Amino acid sequence: MSKTFTMDEREIPFVEGQTVMQAALADGVYVPHLCAHPEFKPHGSCRVCTVKVNGRHAASCTLAAREGLVVENQTAELRELRRELVQLLFVEGNHFCPSCEKSGDCKLQALGYELEVKTLHFTQLFPDRPVDASHPDLMLDFNRCILCELCVRASAEVDGRHVFALSGRGIDKHLIVNSESGRLADTSIAATDTAVSVCPVGVILKKGRGFRVPIGQRTYDAAPISAMPEGKKP
Amino acid sequence: MSAPKRKLKVATTSLAGCFGCHMSLLDIDERILKLLELVELDRSPLTDIKHCGPCDLGLVEGGLCNAENVHVLREFRKQCKVLVAVGACAINGGLPAQRNHLDVRECLTSVYRTVPNDPELPLPLDHVHPINDVVRIDYSLPGCPPPADALWQFLTDFIAGRTPSLGHGLIHYD
Ligand code: SF4
Ligand code: SF4
């Protein structure tokens, strides 16, 4: 008999060492997430995967699965909390989806749809963040960074290049490029790097691809993010 | 014989928008005939009525980029029982808000060589604002523009007295 915990009244089997989110996803139960990625160690920073466990809030991506846990996932209260987190991510950056090449393939946007975010509710900060188009094959639009650190982790752990890092604290935290000039062109990054493909939003973009797949025919136009098998998500 | 049902009064306007949302409304195609059986248009670019009377519903396209936009928006809020932010620009400033990190004077002088100064011209605001920065909004229809089917879904739900609900494919930000 495998061990199980309960999520929204469903028994979820798990093996020792799995997190609550990993076990749920493996069992076909969607738990919203942005900074979590199956190939990387859990990070627990975006908090979009917050669940309620035995009455207390916890990030399901870092919470070890244990026998007998009682977990709430799709409740009105948690949807509201997640909606606010997504709204805060939107107002902190500049997300003008109609001109973003990632539109339709973007996880932040897809979560907005999933959680029925129709308005941003909070006052937008409209930060001033220049783009870096110095690299011949890649472009960096800092306006859309949600500070998930997936590119940081991928560049260090998979690509072995350490191209990206986060600098500053709190509201001043931002993505930086590890070169003397601070420009992407002066790093060893390649368009084939995992750091490039792992970005869940439209920050690290390959040049010359743009709108090859028309808006309206992209990943999350076909189905909501909750209905999309994990392996099929860009 | 029961008295004929009163038609709902609807006003629409385009502030700092491109009229794309109004075009999307016209994209409901022949359903517009059905709509006109149920609603009567007050102030709207489609009627050319200049001021808004008391209305059941106001649809606002576009954000706020100048003082006139703010006056019109306040008139709409005063006269409309339910006010809806239609499209990206009304909801988050949209394309016009892409100037928000630039200096207005520099913007104007780089385009016109001077700051245009004519009493006919409304004063530009230093930042472009979404409309909920200035008035309370009852409902938002995202999209650039919102799909015609989203507008239709909203209108039919509203007219029938249901809480409007947009399913997958009708909430779009692009
Ligand atoms: S990164 Fe995503 S949410 Fe941000 S502008 Fe691009 S598509 Fe929209
Ligand atoms: S650039 Fe992309 S992957 Fe890197 S921290 Fe920002 S959002 Fe995350």
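As shown above, the structure is provided for reference.
Residues numbered from 1 in each chain as written. Chains lettered and ligands numbered in written order. Predicted model: local features only at pLDDT ≥ 70, side-chain atom pairs only at ≥ 80, totals over all residues. Heavy atoms only, no water.

(A) The arrangement of the site of ligand 2 in detail. Neighbouring residues of ligand 2: Cys145(A), Ile146(A), Leu147(A), Cys148(A), Glu149(A), Cys151(A), Leu175(A), Cys199(A), Pro200(A), Val201(A) and Val203(A). Looking at the shell around ligand 2 residue by residue, the class counts come to 10 nonpolar, no polar and one charged. (Near = heavy atom within 4 Å. Nonpolar A, V, L, I, M, F, W, Y, C, P; charged D, E, K, R; others polar.)

(B) Inspection of the site of ligand 1 at higher detail. Close to ligand 1 lie Phe90(A), His95(A), Phe96(A), Cys97(A), Cys100(A), Ser103(A), Cys106(A), Leu108(A), Gln109(A), Arg144(A), Val201(A) and Gly202(A), which account for all nearby residues. The residue inventory of the shell around ligand 1, partitioned by class, reads seven nonpolar, four polar and one charged.

(C) How the structure looks around empty space enclosed by the protein. In the structure shown here, the tally under the stated rule is eight cavities of 30 Å³ or more. There is about 160 Å³ of room inside the largest cavity. Lining the largest cavity are 16 residues, with Leu120(A), Ile91(B), Asn92(B), Pro142(B) and Tyr173(B) positioned closest to its centre. The biggest single contributor to the lining of the largest cavity is helix 4 (residues 88-92) of chain B, with three residues. Partitioned by chemical class, the residues of the lining of the largest cavity number 10 nonpolar, five polar and one charged. (1 Å grid on protein atoms, 1.4 Å probe; cavity = no way out; pocket = protein on both sides within 12 Å on 5 of 7 lines; lining within 4 Å. Points joined across faces, edges and corners; volume = space filled by probe spheres on them. Helix = DSSP H or I, 4+ residues; strand = E, 2+ residues; numbered from the N terminus.)

(D) Spotlight on the nonpolar core. Counting residues in hydrophobic clusters, the biggest one holds 72 residues, and the most contacted among them are Leu108(A), Phe164(A), Leu175(A) and Phe154(B). If one sorts the elements of this core by residue count, helix 6 (residues 148-159) of chain B sits on top with seven residues. Two domains each provide a minimum of three residues to this core, namely domain 1 (3-74) and domain 2 (83-208) of chain A. Residue contacts for Leu175(A): discarding those within four places in its chain leaves Phe142(A), Cys145(A), Leu147(A), Cys151(A), Val152(A), Phe164(A), Ala165(A), Leu166(A) and Val203(A). Listed in part, the 21 residues of the second largest apolar core include Ala23(A), Val31(A), Ala59(A) and Cys61(A). (Core = buried A, V, L, I, M, F, W, Y, C linked by side-chain atoms within 4.5 Å. Buried < 20%, exposed > 50% of the residue type's maximum accessible area, 1.4 Å probe, protein only. Domains from an automatic or database assignment. Contact = heavy atoms within 4.5 Å.)

(E) Region of interest: the packing of aromatic side chains. One pass over the full model with this rule turns up five aromatic pairs over all chains. Relative to Tyr173(B), the ring of Phe90(A) has its centre 5.7 Å away and its plane inclined at 90°; by these criteria the two rings are edge-to-face. On the criterion of chain membership, the pair formed by Phe90(A) in helix 2 (residues 76-92) and Tyr173(B) in the segment after helix 6 is interchain, its members lying in two chains. Taking 5.9 Å as the distance between ring centres and 15° as the angle between the ring planes, the aromatic pair formed by Phe154(B) and Phe158(B) counts as stacked. Highlighted residues: Phe154(B) and Phe158(B), both in helix 6, separated by four residues, approximately one helical turn. Using a relative accessible area of 2% as the deciding quantity, one classes Phe154(B) as buried. Linked through ring pairs, Phe90(A), Tyr113(A) and Tyr173(B) together constitute an aromatic cluster. (Phe/Tyr/Trp six-rings, centres within 6.5 Å; stacked < 30°, edge-to-face > 60°.)

(F) Quick peek at the interface of chain B and chain A. If you look at the interface, chain B gives 21 residues, while chain A gives 25 residues. Roughly 2,000 Å² of surface becomes buried between chain B and chain A when both sides are summed, with 61% attributable to carbon and sulfur atoms. A per-residue breakdown of the area chain B buries against chain A is headed by His168(B), Tyr173(B) and Asp174(B), which together make up 35% of the total. Linking chain B with chain A are six residue pairs in polar contact (both at pLDDT 80 or more). If you list the elements that add at least two residues to the side of chain B that touches chain A, you get helix 4 and strand 7 (139-141) of chain B. (Buried area = accessible area lost by both parts, 1.4 Å probe. Polar contact = N/O pair within 3.5 Å; in protein donor to acceptor, adjacent residues only side chain to side chain.)

(G) Representation of helix 2 of chain A in the model. Residue and element names in this part refer to chain A. The first and last C-alpha atoms of helix 2 sit 25 Å apart over 17 residues, in line with the 24 Å expected at 1.5 Å per residue. Inspection of helix 2 places Leu78, Arg79, Arg82, Arg83, Val86, Gln87, Leu89, Phe90 and Val91 among the buried residues, and these make up the whole buried set. Looking at the buried residues of helix 2, the elements they touch are strand 3 (50-53), strand 4 (56-59), strand 5 (70-72) and helix 3 (107-114). (Expected span 1.5 Å × (residues − 1).)

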